[in-house]
Amino acid sequence: MKKYSVQTSPFIVPTTDGKIIKEHFGLASTSNSDISIAHMIAPPGWSEPYQTPEFDEFTFIIKGKKQFIIEGETIVLEAGQSIKITKNTRVQYSNPFTEPCEYLAICKPAFSIDLVNREPS
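Cut-off values and rules
Residues numbered from 1 in each chain as written. Predicted model: local features only at pLDDT ≥ 70, side-chain atom pairs only at ≥ 80, totals over all residues. Heavy atoms only, no water. Pairing = 2+ DSSP bridges. Helix = DSSP H or I, 4+ residues; strand = E, 2+ residues; numbered from the N terminus. Buried < 20%, exposed > 50% of the residue type's maximum accessible area, 1.4 Å probe, protein only. Disulfide = S-S within 2.5 Å. Contact = heavy atoms within 4.5 Å. Polar contact = N/O pair within 3.5 Å; in protein donor to acceptor, adjacent residues only side chain to side chain. Salt bridge = Lys/Arg side-chain N within 4 Å of Asp/Glu carboxyl O. Phe/Tyr/Trp six-rings, centres within 6.5 Å; stacked < 30°, edge-to-face > 60°. Lys NZ or Arg CZ within 6 Å of the ring centre and 35° of its normal.

(A) Expanded view of the sheet that holds strand β9 (residues 91-95). Sheet architecture is open: 4 strands sit in the order β4-β9-β6-β7, paired in antiparallel fashion. Only two strands of the sheet have a single neighbouring strand rather than two, namely β4 (46-47) and β7 (73-78). Inspection of the sheet shows strand β6 (residues 65-70) paired to β7 by 6 bridges, in the antiparallel sense. Note on β7: the bridge partner recorded for Ile 70 is Glu 73.

(B) Just the pairing of strand β8 (residues 82-85), in detail. Going residue by residue along β8, you find Ile 83 and Ile 85 tucked away on one face and Ser 82 and Lys 84 left uncovered on the opposite face. Here strand β5 (residues 56-63) runs beside β8; their pairing, made up of 4 bridges, is antiparallel. For Glu 57, the partnering residue across the bridge sits in β8 and is Ile 85.

(C) Expanded view of the state of the cysteines. Inspection of every chain in the model, using the stated rule, returns 0 disulfides. Free cysteine: Cys 101, not disulfide-bonded; nearest cysteine sulfur from Cys 107 at 15 Å. Taking relative accessible area as the criterion, Cys 107 reaches 4% and is therefore assigned buried.

(D) Expanded view of the environment of Ser 29. Summarising the element assignment, Ser 29 is placed in helix α1 (residues 27-30). Look at Ser 29 and you get partly exposed, because its relative accessible area is 24%. Counting along the chain gives 22 residues from Ser 29 to Gln 7, while the straight-line C-alpha distance between them is 9.2 Å. Ser 29 has contacts with Gln 7, Phe 11, Glu 23 and His 24, leaving out every residue within four places of it along the chain. Polar contacts involving the side chain of Ser 29 include one to the main-chain amide nitrogen of Phe 25, which spans 3.4 Å.

(E) Structural view of the pattern of salt bridges. If you walk through the whole model with that rule in mind, you get 5 salt bridges. When the shortest N-O distance is used, the salt bridge between Glu 48 and Lys 19 registers 3.5 Å. One end of the pair, Glu 48, is in the loop between β4 and β5; the other, Lys 19, is in the loop between β1 (11-12) and β2 (20-25), with 29 residues separating them in the sequence. Classification of Lys 19 by relative accessible area gives buried; the value is 6%.

(F) Structural view of the packing of aromatic side chains. As enumerated under the stated definition, the model contains 2 aromatic pairs in all. The interplanar angle of 75° and the centroid separation of 5.6 Å between the aromatic rings of Phe 68 and Tyr 93 together place this pair among those described as edge-to-face. Of this pair, Phe 68 sits in strand β6 while Tyr 93 sits in strand β9, and the two are 25 residues apart along the sequence. Note on Tyr 93: relative accessible area 2%, which makes it buried. When the ring centre of Tyr 50 is taken as origin, the NZ or CZ atom of Arg 90, which lies over that ring, is 3.9 Å away.

So this is what it looks like as structure tokens:
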């Protein structure tokens, strides 16, 4: 049995807001509930409702900028920067800028719509 797994066909998460989500490892792609790793592109003007996830989320910015409102504090990350947001923290993600934002998101345990706890928009 191989002790590695190469992902060549990530699961493309259907969205209605223009955001591209390609999950390489996680619940949707490999049925792994321990961790998820996704490559994302958030278009200019994109935003999500506030949420209080039941997982730690790590974000690494590849290109562009992404805005985070974390418990009322606004933080903007640029290419080459990363952040860890601890589970059970209220956060809102957005790209209010003019360029797309490309980034990696790693969730531990894996992202699940049942654990994200999004607020009504």
